[in-house]
Amino acid sequence: MKTVLITGANRGIGLALTRHYSARGDNVIAACRKSSDALEKTGAQVEAGVDVTDDAALAGLAQRLGDTRLDVLVLNAGIMTREAFGEIQTDGWEDMRRQFEVNAMGPLRVAQALSGHLAEEAKIGIITSRMGSMGDNGSGGRYGYRASKAAVNAIGKSLAVDMESRGVAVFLLHPGFVATDMVGGKGEVSPEHAAGQLVERLDKLTLGETGTFWHANGTELPW
């Protein structure tokens, strides 16, 4: 049995990951800003009030964990807005800044706050997107989301280098085009399917592959 902490656990991929890990008998700590009925029904330890942009909230979470050691840390919390070139106004620039705060800096804030709770040979999975790939961008647009995911890929790579001496591995993971509220319910795969593949990737990847970028289906992705 592993102890797994998941951020953004109250819905979508985070909720599906919580269900998946709980169903196989792992001890799951589900962190989120606001809980949901569906999350409460999973039986996970719910830690609400956790905003990944709030240092005080993250310090409080670390304190509440006590001497708990984390085997897996899944940094899943994220947001998406739409920006089109030539049409970005005041609100659009603020949306872009918010995406950087949540999508890029958020995972780093959580990893730093919970670093002391990571077990030997722990794994960190950062849920990113192939939309952050330079080599895979053939459609443009989505400036804030793409840039924030490219930024978290760079952050994840640096984190992998910094954590390797501790035996902690870091992986950048694209879940696929998942039918969640973030994309209006559109998508090619269900959250449950994506969660199963993400868990499989984290189970199989090793320290020798730390700092790499993967599709949940097992395909390595270009930066």
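Quick caveat: nothing in here was measured; it's all calculated off a predicted structure.

Trainee: Just to check I follow, could you spell out the overall build of the protein chain for this structure?
Mentor: Looking only at helices and strands, one finds 6 helices and 7 strands in the protein chain. The secondary structure elements of the protein chain, listed N-terminal to C-terminal, are β-α-β-α-β-α-β-α-β-α-β-α-β. In terms of overall dimensions, the protein chain is globule-like: its C-alpha atoms have a radius of gyration of 16 Å, near the 17 Å expected for 223 residues. The C-alpha extent of the protein chain, read off along each of the three principal axes, is 50 × 40 × 35 Å.

Trainee: What exactly am I supposed to notice about the sheet that holds strand 6 (residues 169–174) here?
Mentor: Each strand in a sheet pairs with its neighbour through backbone hydrogen bonds, running either in the same direction (parallel) or in the opposite one (antiparallel). Taken in spatial order, the 7 strands make up an open sheet running 3-2-1-4-5-6-7, and their pairing is parallel. Strands with a single pairing partner mark the edges of an open sheet, and in this sheet they are strand 3 (45–47) and strand 7 (212–215). Taken pair by pair, the neighbouring strands of this sheet meet at an average axis angle of 20°, ignoring direction. As paired elements, strand 1 (residues 3–6) and strand 4 (residues 70–75) share 3 bridges and run parallel to each other. Bridge pairing links Leu 5 to Leu 73 in strand 4. Across the sheet, helix 4 (residues 90–113) is in contact with strand 4 and strand 5 (118–127); its angle to strand 4 comes to roughly 160°.

Trainee: I'm lost on the packing of aromatic side chains in this one. Help?
Mentor: Any pair of aromatic rings gets described here by the distance separating the centres and the angle formed by the planes. All chains considered together, the criterion is met by 2 aromatic pairs. Ring geometry for Phe 213 against Trp 223: centres 5.3 Å apart, planes inclined by 25°, an arrangement best described as stacked. Within this pair, whereas Phe 213 is found in strand 7, its partner Trp 223 is found in the segment after strand 7, the two being separated by 10 residues in sequence. Judged by its relative accessible area of 44%, Trp 223 falls in the partly exposed class.

Trainee: Would you mind going over the packing of helix 4 against helix 5 (residues 143–163) with me for this structure?
Mentor: The axes of two packed helices give the description: the angle between them and the distance between them. One can describe the packing of helix 4 onto helix 5 by two numbers: an axis separation of 8 Å at closest approach and a directional angle of 20°. Here helix 4 lies roughly parallel to helix 5, going by the angle between them. You can see that helix 4 and helix 5 cross each other, and the crossing is right-handed. Only Tyr 143, Gly 144, Tyr 145, Ala 147, Ser 148, Lys 149, Ala 151, Val 152, Ile 155 and Leu 159 of helix 5 make contact with helix 4, whose side of the interface consists of Met 96, Gln 99, Phe 100, Asn 103, Ala 104, Pro 107, Leu 108 and Ala 111. For the contact of helix 4 with helix 5, a count of residues per class yields 13 nonpolar, 4 polar and 1 charged.

Trainee: What is the right way to read the pattern of salt bridges from this model?
Mentor: Pairing between side chains of opposite charge can happen when their charged atoms approach one another. Evaluated as defined, the whole model comprises 10 salt bridges. Two residues, Glu 47 and Arg 64, come together in a salt bridge whose shortest N-O distance is 2.7 Å. One end of the pair, Glu 47, is in strand 3; the other, Arg 64, is in helix 3 (residues 55–65), with 17 residues separating them in the sequence. Relative accessible area serves as the criterion here: at 10%, Glu 47 is assigned to the buried category.

Trainee: What am I meant to see in the environment of Pro 107 here?
Mentor: Relative to the elements of secondary structure, Pro 107 occurs in helix 4. With a relative accessible area of 6%, Pro 107 lands in the buried category. Put simply, Pro 107 and Ala 216 are 109 residues apart on the chain and 19 Å apart in space, counted from C-alpha to C-alpha. Once residues within four sequence positions are removed from consideration, Pro 107 is found in contact with Leu 75, Val 102, Ile 126 and Val 152.

Trainee: Help me out: how do you make sense of unusual backbone geometry in this one?
Mentor: Not every positive phi belongs to a glycine, and Glu 121 is a case in point at roughly 65°. Along the chain, Glu 121 turns up in strand 5. For Arg 142, which is not glycine, the phi torsion reads 50° and is therefore positive. By the secondary structure assignment, Arg 142 is in the loop between strand 5 and helix 5.

Analysis parameters
- Residues numbered from 1 in each chain as written.
- Predicted model: local features only at pLDDT ≥ 70, side-chain atom pairs only at ≥ 80, totals over all residues.
- Heavy atoms only, no water.
- Helix = DSSP H or I, 4+ residues; strand = E, 2+ residues; numbered from the N terminus.
- Rg over C-alpha atoms; globule rule 2.2 N^0.38 Å.
- Pairing = 2+ DSSP bridges.
- Axes fitted to C-alpha atoms, helices over the stretch in contact; angles between N-to-C directions.
- Contact = heavy atoms within 4.5 Å.
- Phe/Tyr/Trp six-rings, centres within 6.5 Å; stacked < 30°, edge-to-face > 60°.
- Buried < 20%, exposed > 50% of the residue type's maximum accessible area, 1.4 Å probe, protein only.
- Parallel < 35°, antiparallel > 145°, perpendicular 65-115°, else oblique.
- Left-handed = near helix turned anticlockwise from the far one by under 90°.
- Nonpolar A, V, L, I, M, F, W, Y, C, P; charged D, E, K, R; others polar.
- Salt bridge = Lys/Arg side-chain N within 4 Å of Asp/Glu carboxyl O.

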